[in-house]
Amino acid sequence: MARTSQPCPTFPKAETTAIAKRRFLGAAARPVLTSGLAAIALALPAIVQAQGQCPAVQAIISDDARALNGLGITINGSGSLDVTYLGQVGILRDADSCQIDPPSDTFDLGCTWYFSALETEQAEREFDGLLKGLNGCFPVKLEQKDPRTYSAEELERLGAEYGQSYVEFLRNTETVQDHSQIIELATGDEVEVRLALKRNIDSGQLRLRANVYRD
C-alpha cells in the first residue's frame, strides 16, 4: 500500500533552516562534494569508508565535530528525503520531511514519516525496522520510555506560552512507542537520539519521528 503524506501539527520548537518537503521540489537533488567537504573526507576517512546504514550516525557521534559539516538532506528519485553523509544514504531515508539546524553550539537533525489510520501496521513495522537500525548504528541501544503525561498546571503553562491549540494537540496525541538514549562523547558533548511513534486520536493518523541532538 502506498504511504500517504499528510501535514501534522508542529511542536513549539520551530523547525528552522534547511527545511525540505517533497511537495516543494519534484526533482532529485544531486549531492555536490565541494572543496571543503573534500577536505573533511580526507580528514575523516573511517566515516567516509563506512559501509551499510551508519555513515551519518558515525559523523554525528564523531569526536571530530568537523564531521557534522558533511551531513545533508537529499531529495531522492521517489520525491522523498534521505539524510546523507558526503552523499552516502544511511538509516534515515525515504522521509516525508527532514530538517537540519547547522552545527554551531548545538546540532539538531530530525525526520518525519506520516501514515494514515489504515497504515497502522506498516507504521509499526517501519518503527521496528528503524529502531533496529539505529540500535545497530549507535554504541548504546535506545531505551523504551513511558508515555509523557501532563499535569493541569503544566497544560495551563503550555497554553499560556504556546496557545490553547497546542494544548488540544497534546490532548489529542497518543504515544504508541517512544525510545531514546543519551550518549556522552569523549569531547564532553552529549548526543540525544529519540524515536517516537504517535497517533492523532481523532483521525488515527500516525507520525513516526526521529530526532538527533548534539550539544
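A quick note: this is a predicted structure, and the numbers were derived from the prediction, not measured.

Asks: Can you explain the environment of Ser 78? Please cite residues and give values.
Replies: Mapped onto the secondary structure, Ser 78 falls in the loop between strand E2 (71-75) and strand E3 (81-85). On the basis of relative accessibility, which here comes to 55%, the residue Ser 78 falls in the exposed class. The spacing of Ser 78 and Asp 94 is 16 residues in sequence and 8.1 Å in space, taken between C-alpha atoms. Separated by 2.7 Å, the side chains of Ser 78 and Asn 76 make a polar contact. A polar atom in the side chain of Ser 78 sits 3.0 Å from the side chain of Ser 80.

Asks: Describe the state of the cysteines, and please don't skip the residues or the numbers.
Replies: By the definition in use, this model includes 2 disulfides. With a sulfur-sulfur separation of 2.2 Å, Cys 54 is cross-linked through a disulfide to Cys 137. The sign of the S-S torsion, about -80°, decides the handedness of the disulfide formed by Cys 54 and Cys 137: left-handed. Remark: Cys 137 occurs in helix H4 (residues 120-137) and Cys 54 occurs in the loop between helix H2 (45-48) and helix H3 (55-60); sequence separation between them is 83 residues.

Asks: An account of the pairing of strand E9 (residues 190-200) is requested, with residue identities and associated values reported.
Replies: In summary, the side chains of a regular strand alternate between the two faces of the sheet. With 8 of 11 residues buried, E9 lies mostly within the body of the structure. Where strand E8 (residues 173-184) meets E9, 11 bridges bridge the pair, whose relative direction is antiparallel. Bridge pairing in E9 links Ile 183 to Val 191. Hairpin connection, E8 to E9: the antiparallel pair is bridged by 5 residues, and Gly 188 has positive phi, about 100°. Sheet topology note: the E9/strand E10 (residues 206-214) ladder contains 9 bridges and is antiparallel. Paired with Leu 197 across the bridge in E10 is Leu 208.

Parameters and conventions
Residues numbered from 1 in each chain as written. Predicted model: local features only at pLDDT ≥ 70, side-chain atom pairs only at ≥ 80, totals over all residues. Heavy atoms only, no water. Helix = DSSP H or I, 4+ residues; strand = E, 2+ residues; numbered from the N terminus. Buried < 20%, exposed > 50% of the residue type's maximum accessible area, 1.4 Å probe, protein only. Polar contact = N/O pair within 3.5 Å; in protein donor to acceptor, adjacent residues only side chain to side chain. Disulfide = S-S within 2.5 Å. Pairing = 2+ DSSP bridges.

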